[in-house]
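Residue-level structural notes
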Amino acid sequence: MQTLKLAIFYFVVLSHFLVVIINVSAFFILPFSWLILHIPFWYTVFLITPIDSLIIYLTFDKNPCPMTRLENVLRQSLGMKKIGGFVGHYLLRKKRTSL
């Protein structure tokens, strides 16, 4: 049972990392999609700008992401410490300790 929980934990962490990469990529690529896909500029203004705003809001919102909550439940069942946020724990903390 412990091995299954650990496998699920690693799957959640990897899929969460993938979601972060897709959101960061979308934030920088979507505003220029009218150049890449040859769609009208108004499409970017009225559809993609709100999507980018939603990505920013969800990224910097104080409430934890549902995947972070799931990871914390799995961490507690495995006897590990809870994390505050995915990006802060896995991406930023590593850089801070290496400086």
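Residues numbered from 1 in each chain as written. Predicted model: local features only at pLDDT ≥ 70, side-chain atom pairs only at ≥ 80, totals over all residues. Heavy atoms only, no water.

**Description of the packing of helix α1 (residues 2-29) against helix α3 (residues 41-60)**
Running from N to C, α1 and α3 cross one another at 140 degrees; their axes reach a closest spacing of 10 Å. Relative to α3, the element α1 is oriented oblique. Note that α1 runs across α3; the crossing there is left-handed. For the pair α1 and α3, the contacting residues are Asn23, Ala26 and Phe27 in the first and Asp52, Ile55 and Ile56 in the second. (Axes fitted to C-alpha atoms, helices over the stretch in contact; angles between N-to-C directions. Helix = DSSP H or I, 4+ residues; strand = E, 2+ residues; numbered from the N terminus. Parallel < 35°, antiparallel > 145°, perpendicular 65-115°, else oblique. Left-handed = near helix turned anticlockwise from the far one by under 90°. Contact = heavy atoms within 4.5 Å.)

**Quick look at the packing of aromatic side chains**
Tallying each qualifying case throughout the model produces three aromatic pairs. Relative to Tyr10, the ring of Phe9 has its centre 5.5 Å away and its plane inclined at 55 degrees; by these criteria the two rings are tilted. The exposure class assigned to Phe9 is buried, which follows from its relative accessible area of 4%. By relative accessible area, which is 48% here, Tyr10 ends up partly exposed. Relative to Tyr90, the ring of Phe86 lies with its centre 4.9 Å away and its plane at 45 degrees, an arrangement referred to as tilted. With Phe86 and Tyr90 both in helix α5 (residues 86-98), this residue pair falls four residues apart, about one helical turn. With a relative accessible area of 4%, Phe86 lands in the buried category. Grouping aromatic residues by their ring pairs yields a cluster made of Phe17, Phe86 and Tyr90. (Phe/Tyr/Trp six-rings, centres within 6.5 Å; stacked < 30°, edge-to-face > 60°. Buried < 20%, exposed > 50% of the residue type's maximum accessible area, 1.4 Å probe, protein only.)

**Section: the side chain of Glu71**
Here Glu71 lies in helix α4 (residues 66-77). The exposure class assigned to Glu71 is buried, which follows from its relative accessible area of 0%. Setting aside chain neighbours within four positions, we find Glu71 in contact with Phe9, Val12, Val13, His16, Ile83, Phe86 and Tyr90.

**Description of the nonpolar core**
Of all hydrophobic cores here, the largest spans seven residues; its members are Phe9, Val12, Val13, Val20, Leu74, Leu78 and Phe86. With four residues, α1 is the single largest residue contributor to this core. When residues no more than four places from it in sequence are discounted, the contact partners of Phe9 are Glu71, Leu74, Arg75, Leu78, Met80 and Tyr90. (Core = buried A, V, L, I, M, F, W, Y, C linked by side-chain atoms within 4.5 Å.)

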